[in-house]
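Listed below, chain by chain, are the residues.
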Amino acid sequence: MVSLIRTVVVDDHPAMRAGLGAVLADAPDIEPTGAAASGAELWPVIERTAPDVVLMDWHLPGDDGLVLCHRVKRRYPSIHVVLFSAYADEWLVLPALLAQADALLAKRAPARTVHETLRSVMAGEQPEV
């Protein structure tokens, strides 16, 4: 039996949340368990769904993804956080590491890369940025 990777998506754009949810649901071992548009919405979703991974946009209203990533890692050390951004490149690596992100993804990454990144962080591997 395959262990499902329970995943929550955090993005302030409804179309992006829906699209990522569809991408995640397409993998047999990944289960989208919830979504949030902001940090305020994230905490009840985490409590309700107990995710393995939070896939979080870098740019969010209120607290940005870096701040939220750090808070998630502090409150729930067992949850992996993958930050994603339309501008994911070398200059975001250090801030992502300081926020204790497990990986950094570009929003333009193909579905296969998203799936592989989630599997890698669950396996304790450091995926390439």
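Note that the structure is a prediction, hence the values are computed from the model and not measured. (Residues numbered from 1 in each chain as written. Predicted model: local features only at pLDDT ≥ 70, side-chain atom pairs only at ≥ 80, totals over all residues. Heavy atoms only, no water.)

Visitor: Just to check I follow, could you spell out the confidence of the model for the protein for this structure?
Guide: Predicted coordinates in areas of low pLDDT are best not read in detail. Of the residues in the protein, 93% have a pLDDT of 70 or more, and the chain-wide mean is 90. For the protein, helix α4 (residues 90-98) is the element with the lowest average pLDDT, namely 74, and strand β1 (residues 5-10) is the one with the highest, namely 97. (pLDDT = per-residue confidence, 0-100. Helix = DSSP H or I, 4+ residues; strand = E, 2+ residues; numbered from the N terminus.)

Visitor: Got a minute to help me understand the nonpolar core in this structure?
Guide: Soluble globular proteins: nonpolar side chains tend toward being buried together. Val10, Leu42, Val54, Met56, Val72 and Leu83 are the most contacted members of the largest nonpolar core, which has 23 residues in total. In this structure Leu42 touches Val8, Val10, Ala36, Val54, Met56 and Val72, once residues within four positions along its chain are discounted. (Core = buried A, V, L, I, M, F, W, Y, C linked by side-chain atoms within 4.5 Å. Buried < 20%, exposed > 50% of the residue type's maximum accessible area, 1.4 Å probe, protein only. Contact = heavy atoms within 4.5 Å.)

Visitor: Any chance you could explain helix α1 (residues 14-25) here in plain terms?
Guide: Count 3.6 residues to each turn of an α-helix, and residues three or four apart come out pointing the same way. Given a rise of 1.5 Å per residue, 12 residues ought to cover 16 Å, and the 16 Å separating the end C-alpha atoms of α1 matches this to within 8%. Within α1, the full set of buried residues consists of Leu20, Gly21 and Leu24. Taken around the axis of α1, the buried residues stretch over an arc of 105 degrees, which confines them to a single face. α1 presents Ala15 and Ala18 as exposed residues on the side facing more than 90 degrees away from its buried surface. Of the surrounding secondary structure, the elements contacted by the buried residues of α1 are β1, β2 (30-36), β3 (53-57), β4 (80-85) and α5 (111-122). (Expected span 1.5 Å × (residues − 1). Arc of directions from axis to C-beta.)

Visitor: Help me understand helix α2 (residues 39-49) in this model?
Guide: Where α2 is concerned, the buried positions are Gly39, Leu42, Trp43, Val45, Ile46 and Thr49. Looking at the packing, one finds that the buried side of α2 touches β1, β2, β3 and α3 (65-75).

Visitor: I keep staring at a nonpolar patch on the surface and nothing clicks. Help me out?
Guide: Together, Leu94, Leu97 and Leu98 give the surface a local cluster of nonpolar side chains, amounting to about 330 Å² of exposed area. As for its position among the elements, Leu97 is in helix α4. (Patch = residues over 30% accessible without salt bridge, like charges linked within 9 Å, V, L, I, M, F, W, Y side chains within 5 Å. Areas by Shrake-Rupley, 256 points an atom, 1.4 Å probe, with all protein chains shown as cover. Salt bridge = Lys/Arg side-chain N within 4 Å of Asp/Glu carboxyl O.)

Visitor: Just to check I follow, could you spell out the pairing of β2 for this structure?
Guide: Remark: a regular strand shows side chains that alternate across the two faces of the sheet. The pairing of β1 with β2 spans 6 bridges and is classified as parallel. Looking at the pairing, Val9 lines up with Ala35 of β2. In this view, the connection linking β1 to its parallel neighbour β2 by way of α1 has right-handed handedness. (Pairing = 2+ DSSP bridges. Right-handed = clockwise from strand over helix to strand, strands pointing away.)

Visitor: Honestly, the packing of aromatic side chains in this entry has me stumped. Any pointers?
Guide: Between two aromatic rings, the relevant description is the distance of the centres plus the angle of the planes. This model, assessed by the stated rule, comprises 1 aromatic pair. Centroid distance Trp43 to Tyr76: 6.3 Å. Interplanar angle 25 degrees. Geometry classified as stacked. Remark: Tyr76 occurs in the loop between α3 and β4 and Trp43 occurs in helix α2; sequence separation between them is 33 residues. By relative accessible area, Trp43 is classed as buried at 17%. Stacked on the ring of Trp43, the Lys or Arg Arg75 has its end atom at 4.0 Å from the ring centre. (Phe/Tyr/Trp six-rings, centres within 6.5 Å; stacked < 30°, edge-to-face > 60°. Lys NZ or Arg CZ within 6 Å of the ring centre and 35° of its normal.)

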